[in-house]
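The chain contents come next:
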Amino acid sequence: MRTWFIAILSVLLIATVGALGGFVWVLRHYGDQLPDHGQLAEYRPPIVTRVHAGDGRLLAELAAEKRVFVPITLIPAQVKQAFISAEDKNFYTHPGIDAVGLGRAMVQNLGYYLSGRRLIGASTITQQVTRSFLLTNERSIDRKIKEMILSIRIEQALTKDHILELYLNEIYLGSSGGSGAYGVAAAALMYFNKSLDQLTLSEAAFLAALPKAPSNYNLSTQAERARIRRDYVIDRMLEDGFVTVEEAAKARDEVLTVRRREADETVKAEYFAEEVRRELVARYGEEGAYRGGYMVRASLDPRLQEIADRTFRTGLIRYDRRHGWRGPLEKAVPVNEWQKILATRTPPGGAGGWSLALVLKVTDTAAEIGVRENRTETKPGKIPLSELGWARPVLPEQKVGAPPKKVSDVLTVGDLILVEPVTATPDGKTKYPAETYGLRQLPDVSGGMVVMDPHTGRVLALVGGLSFEQSQFNRATQAKRQPGSSFKPFVYMAALENGYTPASIVLDAPFVMDDGSGKKWRPENYTEKFYGPSSLRLGIEQSRNLMTIRLASAIGMEKVVDIAGRFGITDTLPPLLSMSLGAGESTPLKMAAAYAMIANGGKKLVPTVIDRVQDRYGATVFKHDPRACETCAVEAYAGGLPPYPADNRPQVIDAATAFQMTSMLEGVVQRGTGGSIGAALKRPLAGKTGTSNDSFDNWFVGYSPDLVVAAYIGFDQPRTLGKAETGGGNMAPIFRDFMKEALDGVPPIPFRVPPGLRMVRVNRETGKLASVGDSKAIFEAFKPGTEPGADDPDNPDPLLGDLPQGYSLVPVPGSEGGGADPAAVPPTGETPPLPLPPQAPANLGGIY
């Protein structure tokens, strides 16, 4: 017996030593191959970058992995308990490996193996963190051994809460609606549109059910399996003492429903969002933009964006309808099973609220159609002949043929078209019966539009084309087009800087010069007429080409090139006289910024689509406005005027010249090429039309005292818009319609007059002092010493005088000159207009 006892003890000793030796060898062998787990202590997970509009609504998310990082201290206990019960009930007690759980899994796996079922794992949360961060998902003994060793080391290096924080923010929890969610916070938003603290017990349990196999528990396609798995998690929470019997029963009864973000919680502005994305990538790189977790406050004003989108689209459609019908989307489509046919078709990008329709029958007076209202609903309808009056045949050079006399002139059976419900005839006199539609056509013309704050350069709205879905090329920021006559104000400002006044006379007469190739260059006015000596004001109001060229020739194109560079229109303008007519190239964004610097009194500004960027910790890493406000940091507001940061921006042009230009551009809107705007809106507005050579591009750039708009239309492959198409005809209505809505409810604000200017009553056409009763009299702004009669010390004119500082000019309805003359009004509007000088004639109507 003693011999047997010694033999058995020896075997056990040898086995123990061998096991210990083997264990040491495994540790040394695999330990030397393990990655450094210390990196987990400094781990910065990739987080979604979120872009918010000016009103706080979500504009865009940029993410390689859609994740919202939440510190463990802010994750509700209920969420943590759900995941612990579902994945690792002994998490807070085991050293990284759960021996009890491992033994239980081994016993279960033996039965599963014998029955041919898939084996289960026994990975703790720590092991899952190890696999996710440091290893791969390879199913092998080697990987499992490494995972165990690393898990023990991680438990020694990090706290339990830190490990759980890594797990809950890293784990993949499935996808819904085409986007995946990493971490519990992103999953809560994706499935339920809630923050973690808003989740119910049922919803938290569902999220905790997902790590095992997210695709198997998709609420949209596997609702019953998802419910069963959720109930399992709730039972485990009850067993672990995290919830009561009543709470568990209530949670099981709750119906799980996916909740998407509501439309009013997000902003649709794809061109704007893409411009923000491009700027973030340029500033922080792809890695930073998509993984940095930045919080971005964009300058977008959603209300103005919606108005801009709608009015610009209306303008494109208005132009397109004048130029005829180009034909259906498809021809000869079978009509016997039209409902099924329409169900297989997708509306083209840019269709908006228009519906697809198929022509089923045609008579002389109407077309019977089948309409697809949405993905599942179809119904019959009619298009009467009265809705086809615009659909004339297209001819070369944007000309059109005769109006259709019968429906078959436009449509045939089997045509696939776009339609829109209509309720009355185009003249509005006759109401249509129900199910009446109008024929629609996607414009093939496009363009861009920018809305900007002239005081800060903040871009408030951006339209890059008809539809981002149709074309992602942003014409507002990327399209270089000829601005035409909208460039002329910069020629005139160069002249005003060099001794000219708005009343200076320039000859409007034929201009001929050798172009250097032996040919003669003979520019013309748009009207092909000559008007003789005219004031600068009249020249800009009526957009006289010959006056502009003669003016540029007199001051020298070098000065025009210089001012174009200062205002950021272009850095490469050739010093050629043709450039004075806007033959160079610029973008709507640059033109908006240039006009904004006129509107703000000549202050330099840099356009931006981003107000502020904060990093994942909340620190501001970029701010568009770098000005310091020393008086802003106060404990309490003591009343009086609010603090304001010092404006130390450089002047690109002096304030007096900028105001003179604004005053002249007001004339463009009141009685010039943009006269339809002034007639409709009756408020202080300034701007300039633009029509490039051969009418390839139409522009309007204009502003109120606090809002600038620049817009153009043209074909992407440049060609004429049509001989009679002008900026005044196409773009002024877009500007007018936009401003009407954008400024609705805003009291008219006069343009601010800088100190030092002298306001003199002159005839706007001759530039001479106006006589009493002159119907063409206006108050013109002059720099001291340049006004008419300034060199005559005996001049008795009582209306020569300085406008007091802070006073502004506003139109006076019913005044002499048809309401075009201004009255001097203080900015607050609290006191009446300036009284007439005692010696002023009484019949001036109170205008001063």
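Residues numbered from 1 in each chain as written. Predicted model: local features only at pLDDT ≥ 70, side-chain atom pairs only at ≥ 80, totals over all residues. Heavy atoms only, no water.

A.B. asks: Teacher, can you tell me more about the sheet that holds strand 13 (residues 446-452) here?
C.D. replies: Hydrogen bonds along the backbone pair up the strands of a sheet, which may run parallel or antiparallel. Pairing within the open sheet is antiparallel, and its 5 strands lie in the order 14-13-23-22-21. The sheet is open, and its two borders are formed by strand 14 (459-463) and strand 21 (686-691), each paired with just one other strand. Across this sheet, the average inter-strand angle for adjacent strands is 5°, counted without regard to direction. Summarising the sheet, strand 22 (residues 697-704) and strand 23 (residues 707-714) pair through 8 bridges and their orientation is antiparallel. (Pairing = 2+ DSSP bridges. Helix = DSSP H or I, 4+ residues; strand = E, 2+ residues; numbered from the N terminus. Axes fitted to C-alpha atoms, helices over the stretch in contact; angles between N-to-C directions.)

A.B. asks: How do you make sense of the pairing of strand 22 when you look at a structure like this?
C.D. replies: In summary, the side chains of a regular strand alternate between the two faces of the sheet. Burial within strand 22 is extensive, with 8 of its 8 residues counted as buried. By the alternation rule, side chains of strand 22 split into Asp697, Trp699, Val701 and Tyr703 and Asn698, Phe700, Gly702 and Ser704, which are all buried. The antiparallel pairing of strand 21 with strand 22 creates a hairpin that spans 5 residues between the two strands, and aspartate 694 there sits at a positive phi of about 60°. Counting the residues in the hairpin turn of strand 22 and strand 23 gives 2 residues. (Buried < 20%, exposed > 50% of the residue type's maximum accessible area, 1.4 Å probe, protein only.)

A.B. asks: Sorry if this is basic, but what is going on with the confidence of the model for the chain here?
C.D. replies: Segments scoring low in pLDDT should not have their predicted coordinates read at a detailed level. Per-residue pLDDT for the chain has a mean of 85; in total, 83% of the residues score no lower than 70. Here residues 23-27 is a poorly scored stretch, pLDDT under 50, and it has 5 contacts once near neighbours within four places are set aside; other chains count. Contacts for the low-pLDDT stretch residues 796-848, under 50 throughout, to residues beyond four places or in other chains number 106 contacts. (pLDDT = per-residue confidence, 0-100. Contact = heavy atoms within 4.5 Å.)

A.B. asks: So what exactly am I meant to see when it comes to the packing of helix 7 (residues 184-192) against helix 8 (residues 201-209) here?
C.D. replies: When two helices pack together, their arrangement is captured by the angle between the axes and the distance separating the axes. The geometry of helix 7 relative to helix 8 is characterised by a closest axis approach of 11 Å and an angle of 115° between their N-to-C directions. Judged by the sense of rotation from one axis to the other, the crossing of helix 7 with helix 8 is right-handed. From helix 7, Val184, Ala187, Ala188, Tyr191 and Phe192 reach across to helix 8, where they touch Glu203, Phe206 and Leu207. Class assignment for the residues of the contact of helix 7 with helix 8 results in 7 nonpolar, no polar and 1 charged. (Left-handed = near helix turned anticlockwise from the far one by under 90°. Nonpolar A, V, L, I, M, F, W, Y, C, P; charged D, E, K, R; others polar.)

A.B. asks: Is there a simple way to think about the packing of aromatic side chains in this case?
C.D. replies: The description of an aromatic ring pair uses the distance of the two centres, along with the angle that the planes make with each other. Considering all chains together, one arrives at 18 aromatic pairs under this definition. A ring pair is formed by tyrosine 284 and tyrosine 294, whose centres lie 4.5 Å apart and whose planes are at 25°; its orientation type is stacked. Here tyrosine 294 lies in the loop between helix 11 (270-291) and strand 5 (295-298) and tyrosine 284 lies in helix 11, a separation of 10 residues in the sequence. Centre to centre, the rings of phenylalanine 490 and phenylalanine 567 are 5.3 Å apart; their planes meet at 65°, and the pair counts as edge-to-face. A residue pair is termed long-range when its members are at least 10 positions apart, and phenylalanine 490 in helix 14 (residues 488-497) and phenylalanine 567 in the loop between helix 17 (557-566) and helix 18 (588-599) qualify at 77 residues. (Phe/Tyr/Trp six-rings, centres within 6.5 Å; stacked < 30°, edge-to-face > 60°.)

A.B. asks: Help me understand the pairing of strand 1 (residues 49-52) in this model?
C.D. replies: Burial of the side chains of strand 1 extends over both faces: Thr49 and Val51 are buried on one face and Arg50 and His52 on the other. Two elements, strand 1 and strand 2 (residues 58-62), share 4 bridges in a ladder whose sense is antiparallel. Bridging across to strand 2, histidine 52 finds its partner in leucine 58. What sits between the antiparallel neighbours strand 1 and strand 2 is a turn of 5 residues, in which glycine 56 has the positive phi angle 95°. Note: strand 1 against strand 5, 3 bridges, orientation parallel.

A.B. asks: Got a minute to help me understand the environment of asparagine 498 in this structure?
C.D. replies: Following the sequence through the fold, asparagine 498 ends up in the loop between helix 14 and strand 15 (505-508). What makes asparagine 498 partly exposed here is its relative accessible area of 35%. Residues asparagine 498 and isoleucine 555 lie 57 residues apart in sequence; the distance between their C-alpha atoms is 7.4 Å. For asparagine 498, the side chain forms a polar contact with the main-chain oxygen of alanine 494, separated by 2.6 Å. (Polar contact = N/O pair within 3.5 Å; in protein donor to acceptor, adjacent residues only side chain to side chain.)

A.B. asks: Can you help me understand the nonpolar core in this one?
C.D. replies: When a protein is soluble and globular, its nonpolar side chains tend to lie buried together. With 88 residues, the main nonpolar core has Leu59, Phe272, Met452, Phe490 and Phe567 as its most contacted residues. It is helix 18 that provides the largest number of residues to this core, a total of 10 residues. Contact partners of methionine 452, with chain neighbours within four places excluded, come to Gly457, Arg458, Val459, Leu460, Leu589, Ala592, Ala593, Ala596, Leu605, Pro607, Leu707 and Val708. With 50 residues, the next largest nonpolar core counts Ala82, Ile154, Ala226 and Val233 among its residues. (Core = buried A, V, L, I, M, F, W, Y, C linked by side-chain atoms within 4.5 Å.)

A.B. asks: Looking at this structure, how should I read the pattern of salt bridges?
C.D. replies: One side chain can pair with another of opposite charge once the charged atoms of both are near each other. This model, assessed by the stated rule, comprises 45 salt bridges. The salt bridge involving aspartate 231 is made with arginine 230; its shortest N-O contact spans 2.8 Å. We classify aspartate 231 as buried; its relative accessible area is 10%. A residue is classified by how much of its surface remains accessible, and arginine 230, at 1% relative accessible area, is buried. Here the residues in one salt-bridge network are Lys89, Arg236, Glu239 and Asp240, joined through shared partners. (Salt bridge = Lys/Arg side-chain N within 4 Å of Asp/Glu carboxyl O.)

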